[in-house]
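Now for the letters of each chain:
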Amino acid sequence: MSRLTIWIILGATLTFLIGPFLIVIFAGMSAGEALAFPPQGLSLKWYAKVFTVESFQASFALSMFLAVFGTIAALLIGIPAAYALNRYDLPGSETIRTIVAAPIIVPGIIVGLALLRYFVVPLNVTITMALFVTHTALVLPYAVRVVSSSLNNLRADMEEAAVILGCTRLQAFTKVVLPNIRGGILAAFILGFVTSFNEVPASLFLSGPGVRTLPIDMLSYMEITFDPSVAALSALLAFMSVAIVFIAERLLGFSRYV
Amino acid sequence: MSNAFVSLTDLTLSYGQTVAVPDLNLDVLEGELIALLGPSGCGKTTTMRAIAGLLTPTSGRIVIDGLDVTRTPANKRGIGLVFQSYALFPHLSAFENVAFGLRLLKLPNAQVRARTEAGMATVGLTGFETRKPAEMSGGQQQRLALARSLVMEPKVLLLDEPLSNLDARLRLEMRNELQRVQKDTGITMVFVTHDQSEALALADRIVLMKDGKIEQLGTPAELYAKPATAFAADFMGFENIFRVEGSELVSHLGRLSVGYEAKVHMLAWRPSGVGVGTGPHTGRVISSSFAGGHREYVLNSPLGQIKADAPIETPEVPIGHEVAFDLPMATARSLAA
Ligand SMILES: Nc1ncnc2c1ncn2[C@@H]1O[C@H](COP(=O)(O)OP(=O)(O)OP(=O)(O)O)[C@@H](O)[C@H]1O
Ligand SMILES: [Mg+2]
């Protein structure tokens with residue numbers, strides 16, 4: 001390939017990756033009343049308005065709650081699961097690995113539908129509970145994978161050394177394994193947090209009146225009001241995600257684990 | 001033996017259906033430095049792991065210091081194990097690595113500090129307290145792993161190929177270090193190696209293993225001078241081993257009449273026991289290399305290749321030339337099997 005072709009492909013790729021991001025940022029800076037690009041005039045009034053919309057406040061709080069606690073729950077299940085898959089030659093561990101990866105492969109919309117039909121409706125669980133369970137389930141595979149990959153880099157004989165020095169198996173895990181996979185756990189948390197926060201398809205099925213995650217709330221807001229505040233909010237969320245990943249990368253080389 | 005400190009009785013060790021060590025019997029005396037020597041896969045690590053409690057025996061008994069520990073978990077055996085890979089804790093400083101086991105004992109801080117510092121001094125690592133293992137050299141990591149085990153004052157210290165990852169110079173240094181520590185502390189040590197010279201240099205007794213079984217057990221002098229089997233002889237440097245039939249030596253390649261009759265199964269010679277330059281037989285030189293005090297030849301003979309060392313004073317025989325050699329009864333080792 002000639003240099004020119006390479007530059008064109010590279011340019012196109014970057015345009016498609018960064019372009020939408022820039023469009024959203026500028027669309028939110030419009031001085032006009034309707035969502036449009038290019039923006040009509042420039043102002044930050046829509047960025048300010050985002051913080052005054054009450055439903056956004058509630059749905060942001062819900063999304064935060066789900067992202068933080070759903071991911072923590074996924075880690076509480078995922079770390080022991082990854083450990084067991086990694087250290088013990090369990091019968092059918094290959095099958096378990098495949099099942100754990102399923103939520104990554106199966107479209108979220110199917111997961112949402114299935115959970116609604118066979119979990120939420122028959123058991124009559126609250127919407128918040130349903131969302132919590134769903135987000136935990138969706139984040140779990142990422143937790144298992146990321147933690148697994150850092151466990152792979154940790155030799156099993158270190159735990160044996162700890163046991164010989166007097167640790168119980170559990171102490172060996174908390175004193176030797178956990179501190180050495182800290183980076184992987186943090187990476188899994190961030191990945192889970194971002195995945196959960198941006199999740200739409202499954203949450204769409206489970207959201208109900210007054211209980212919506214932020215992305216779903218933005219969708220319904222747009223059905224009624226077509227003003228640039230959604231663009232402003234999107235831009236703010238994108239900045240939040242980027243900031244989190246950036247800090248993580250700075251702190252512990254996040255990209256090593258993903 | 002009555003004063004056995006570590007006693008393995010009818011020990012069978014397996015991985016699933018695979019038996020790695022069938023029916024092992026071994027007594028280690030108190031304060032002894034014993035070497036498990038053998039080729040790769042012969043069950044040395046497996047035996048160590050069983051003594052340490054990391055592997056539960058399929059059958060048999062392990063008695064340490066008069067106590068049956070066969071079912072005692074690894075963290076209650078009071079045994080030290082230095083891993084071939086060191087298995088240091090990368091997230092802890094050198095000091096905390098050594099203090100790790102002492103802290104588990106919930107000893108007062110001052111005591112932990114004192115014993116840790118003493119342990120680090122023993123292996124010459126004073127001043128390295130705050131380093132992480134990754135910031136230390138191979139030899140220093142090795143010594144750190146040793147200190148971590150020693151400060152626990154274990155009844156028995158097991159070392160799995162403790163010197164194999166070191167370069168020649170450090171290896172020698174660590175050898176002396178180990179020997180010194182052993183003499184100073186009087187600790188009973190079992191160490192694994194597949195390096196014959198290491199076992200000979202360090203051990204009070206050598207356990208030569210083959211396929212999970214003990215092939216021969218004895219002092220270095222015994223094993224070196226009197227290997228009992230072809231396998232042991234080969235391991236101890238008798239590189240020329242032949243079957244005996246009447247007054248002939250036999251290999252799978254051919255036979256050679258030697259003019260004396262030995263009433264044994266096999267005869268073996270070290271390269272240094274083979275005469276070069278004079279003798280009743282002739283061979284063609286196929287390789288010749290200078291080895292300091294002597295010259296190492298490989299000769300092609302009716303029996304196949306023969307390894308022979310010649311004093312450096314004798315004139316060199318060029319490759320491809322014929323040379324007389326001798327397999328004298330005087331330097332031969334008789335083997336029963
Ligand atoms: N985890 C395992 N699962 C199944 N078989 C094993 C396992 N570990 C070792 N073995 C087998 O048991 C036998 C003894 O192995 P072991 O590790 O004790 O050998 P070794 O003498 O320490 O060899 P090396 O000098 O290479 O370390 C070998 O045949 C090996 O293949
Ligand atoms: Mg081994």
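Residues numbered from 1 in each chain as written. Chains lettered and ligands numbered in written order. Predicted model: local features only at pLDDT ≥ 70, side-chain atom pairs only at ≥ 80, totals over all residues. Heavy atoms only, no water.

This brings us to helix H6 (residues 127–152) of chain A. With 26 residues, H6 of chain A extends 38 Å between its outermost C-alpha atoms, agreeing within 8% with the 38 Å of an ideal straight helix rising 1.5 Å per residue. Of all the bends found along H6 of chain A, the most pronounced is centred on valine 139 of chain A and spans about 35°, while proline 141 of chain A, a proline, follows it within four residues. (Helix = DSSP H or I, 4+ residues; strand = E, 2+ residues; numbered from the N terminus. Expected span 1.5 Å × (residues − 1). Bend = angle between axes of the 7 residues up to and from the residue.)

What follows deals with the interface of chain A and chain B. On the chain B side, the residues contacting the 17 residues of chain A number 20 residues. Regarding the contact of chain A and chain B, the summed buried area is about 1600 Å², with carbon and sulfur atoms giving 69% of it. Contact with chain B buries surface across chain A, with Glu160, Ile164 and Leu165 of chain A losing the most and accounting together for 42% of the total. At the surface where chain A touches chain B, the tally comes to one salt bridge. Taking the shortest distance from any N to any O, the salt bridge between arginine 49 of chain B and glutamate 160 of chain A comes out at 2.8 Å. Taken together, the links from chain A to chain B amount to five residue pairs in polar contact (both at pLDDT 80 or more). Looking at the side of chain A that touches chain B, the elements that each hand over two or more residues are helix H7 (157–164) and helix H8 (169–180) of chain A. With seven residues, the top contributor of residues to the side of chain A that touches chain B is H7 of chain A. When the residues that make up the side of chain A that touches chain B are grouped by side-chain class, the tally is nine nonpolar, four polar and four charged. (Contact = heavy atoms within 4.5 Å. Buried area = accessible area lost by both parts, 1.4 Å probe. Salt bridge = Lys/Arg side-chain N within 4 Å of Asp/Glu carboxyl O. Polar contact = N/O pair within 3.5 Å; in protein donor to acceptor, adjacent residues only side chain to side chain. Nonpolar A, V, L, I, M, F, W, Y, C, P; charged D, E, K, R; others polar.)

Turning our attention to the site of ligand 1. All names here are of chain B. Taken together, Tyr15, Ala20, Ser40, Gly41, Cys42, Gly43, Lys44, Thr45, Thr46, Glu161 and His194 make up the full set of residues adjacent to ligand 1. With respect to ligand 1, the side chain of lysine 44 contributes an N or O atom lying 2.8 Å from an oxygen atom. Protein contacts shield 58% of the accessible area of ligand 1, which totals 630 Å² for the unbound molecule. Considering every element that reaches the shell around ligand 1, the biggest residue donor is helix H1 (residues 44–52), with three residues. Counted by class, the shell around ligand 1 contains three nonpolar, six polar and two charged residues. (Near = heavy atom within 4 Å. Areas by Shrake-Rupley, 256 points an atom, 1.4 Å probe, with all protein chains shown as cover.)

Time to look at the side chain of threonine 188 of chain B. Residues and elements named next belong to chain B. Structurally, threonine 188 is set in strand E8 (residues 188–193). Reaching out from threonine 188, the side chain makes a polar contact with the backbone nitrogen of glycine 31 at a distance of 2.8 Å. The contact partners of threonine 188, leaving out residues within four places of it in the chain, are Phe5, Val28, Leu29, Glu30, Gly31, Glu32, Lys155, Val156 and Leu157.

All right, on to unusual backbone geometry then. It is generally the case that most residues other than glycine have a negative phi and that most peptide bonds are trans. Residues and elements named next belong to chain B. Positive phi values are uncommon outside glycine, yet aspartate 10 reaches one of about 45°. Following the sequence through the fold, aspartate 10 ends up in strand E1 (residues 4–15). Since its relative accessible area comes to 39%, aspartate 10 is described here as partly exposed. Of note, the phi angle at aspartate 23 is positive, near 55°, even though the residue is not glycine. By secondary structure assignment, the location of aspartate 23 is in strand E2 (residues 18–29). In this structure aspartate 23 comes out as partly exposed when scored by relative accessible area, which is 47%. (Buried < 20%, exposed > 50% of the residue type's maximum accessible area, 1.4 Å probe, protein only.)

Residues and elements named next belong to chain B. Read from one edge of the open sheet, five strands run E13-E12-E11-E14-E19, paired in antiparallel fashion. At either margin of the open sheet sits one strand with a lone partner, and together these are strand E13 (255–257) and strand E19 (333–335). Direction aside, the axes of adjacent strands within the sheet are offset by 35° on average. Pairing geometry for strand E11 (residues 240–245) and strand E14 (residues 266–269), over four bridges, is antiparallel. By the bridge assignment, isoleucine 241 is partnered in E14 with alanine 268. (Pairing = 2+ DSSP bridges. Axes fitted to C-alpha atoms, helices over the stretch in contact; angles between N-to-C directions.)

All names here are of chain B. Under the domain assignment, chain B is made up of domain 1 (4–228) and domain 2 (238–335). Of note, the centres of domain 1 and domain 2, computed from C-alpha atoms alone, are 40 Å apart. Facing five residues of domain 1, the contacting portion of domain 2 comprises five residues. Here domain 1 meets domain 2 over a buried area of about 410 Å², counting both sides, of which 48% is carbon and sulfur. Area buried by domain 1 at its contact with domain 2 is led by Tyr224, Pro227 and Ala228, which between them contribute 77% of it. Along the contact surface separating domain 1 from domain 2 lie three residue pairs in polar contact (both at pLDDT 80 or more). For the side of domain 1 that touches domain 2, a count of residues per class yields four nonpolar, no polar and one charged. (Domains from an automatic or database assignment.)

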